[in-house]
Amino acid sequence: MRTVELICSPPLEETVRGAWHRLAEAGLPSLARNTHPTNRPHLTLASVEEFPPGAQARLADLVDAALPLPVRLDRITVLDGSTPLVWLVRPSPALTALHAAVWDVLAGAEGRLPWHEPGRWIPHLSLALRFRDADRRRARAVAAVDRPTGAFVAARSYDGTDRTVTPLGDTGR
């Protein structure tokens, strides 16, 4: 699996990591417990089995032109009732356009994960991967900061086979 992900500005990343830590300290599921070196707050734009030929260079050009991209986080919720606890990202026109452009580049890719595709994508930053809807209110009280703002300032691709990341574009460093 290969992804296209946007990375948060340092202040926004600190805000999300703070929520991770507050959840963990409250005994709730949290990505703070994931100690893999690639674990950091990010917004996934796409996930496919492999990039088509030439796609990585085209994706790098896209993100170099689009970033930095201002962002405002919205409410904290549980997707699908009992799966990820997430901080929703307000989909600005610029973010929506970048997302569509990424999928245009990946049009020929195999193994596309449909929940990232235009029309089904719910932009979010994950706070916990397995979460019960019954704990949502408590999680909001523990984790929430009132609608933080920031920017996406870099992009990367995660390779699920070897669990490594590759920067995308000059901003991906």
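Criteria and thresholds
Residues numbered from 1 in each chain as written. Predicted model: local features only at pLDDT ≥ 70, side-chain atom pairs only at ≥ 80, totals over all residues. Heavy atoms only, no water. Axes fitted to C-alpha atoms, helices over the stretch in contact; angles between N-to-C directions. Helix = DSSP H or I, 4+ residues; strand = E, 2+ residues; numbered from the N terminus. Parallel < 35°, antiparallel > 145°, perpendicular 65-115°, else oblique. Left-handed = near helix turned anticlockwise from the far one by under 90°. Contact = heavy atoms within 4.5 Å. Nonpolar A, V, L, I, M, F, W, Y, C, P; charged D, E, K, R; others polar. Buried < 20%, exposed > 50% of the residue type's maximum accessible area, 1.4 Å probe, protein only. Pairing = 2+ DSSP bridges. Core = buried A, V, L, I, M, F, W, Y, C linked by side-chain atoms within 4.5 Å. Polar contact = N/O pair within 3.5 Å; in protein donor to acceptor, adjacent residues only side chain to side chain.

Colleague: Tell me about the packing of helix α2 (residues 55–66) against helix α3 (residues 93–105), and please be specific about residues and values.
Modeller: Their axes nearest at 10 Å, the elements α2 and α3 cross at an angle of 165 degrees. The orientation of α2 with respect to α3, classified from their angle, is roughly antiparallel. When you trace α2 past α3, the crossing you get is right-handed. Taking contact as the criterion, the partners of Ala-55, Arg-58, Leu-59, Leu-62 and Ala-66 in α2 are, on α3, Leu-98, Ala-101, Val-102 and Val-105. For the contact of α2 with α3, the residue count by class is eight nonpolar, no polar and one charged.

Colleague: Tell me about the pairing of strand β6 (residues 149–159), residues and numbers included.
Modeller: β6 sits mainly inside the fold: eight of its eleven residues count as buried. Bridging between strand β1 (residues 2–8) and β6 involves five bridges; their strand directions are antiparallel. Among the inter-strand pairings, Cys-8 is bridged to a residue of β6, identified as Phe-152. Pairing geometry for strand β3 (residues 69–78) and β6, over four bridges, is antiparallel. The partner of Pro-70 across the bridge, within β6, is Ala-151. Pairing analysis gives four bridges linking β6 to strand β7 (residues 164–167), with the strands arranged antiparallel.

Colleague: Give me the lowdown on the nonpolar core, citing residues and values where you can.
Modeller: By size, the foremost hydrophobic cluster in this structure holds 44 residues, and its most contacted members are Leu-6, Leu-106 and Phe-152. What Phe-152 contacts, discounting residues up to four positions off in sequence, is Leu-6, Ile-7, Cys-8, Leu-43, Leu-67, Pro-68, Leu-69, Val-71, Val-89 and Leu-125.

Colleague: Summarise unusual backbone geometry; cite the residues concerned and give the values.
Modeller: Look at the link from Leu-67 to Pro-68: it is a cis peptide, with omega at 5 degrees. With respect to the secondary-structure elements, Pro-68 resides in the loop between α2 and β3. The backbone of Arg-163 sits at a positive phi, close to 55 degrees, despite the residue not being glycine. Relative to the assigned elements, Arg-163 resides in the loop between β6 and β7. By relative accessible area, which is 42% here, Arg-163 ends up partly exposed.

Colleague: An account of the side chain of Glu-5 is needed here, citing residue identities and associated values.
Modeller: By the secondary structure assignment, Glu-5 is in strand β1. Residue classification places Glu-5 among the buried positions, given a relative accessible area of 4%. A polar side-chain atom of Glu-5 sits 3.0 Å from a polar atom in the side chain of Thr-3. Within polar-contact distance, the side chain of Glu-5 engages the side chain of Arg-156 at 2.5 Å. Residues within four places of Glu-5 in sequence aside, it is in contact with His-42, Leu-43, Thr-44, Ala-154, Ala-155, Arg-156 and Tyr-158.

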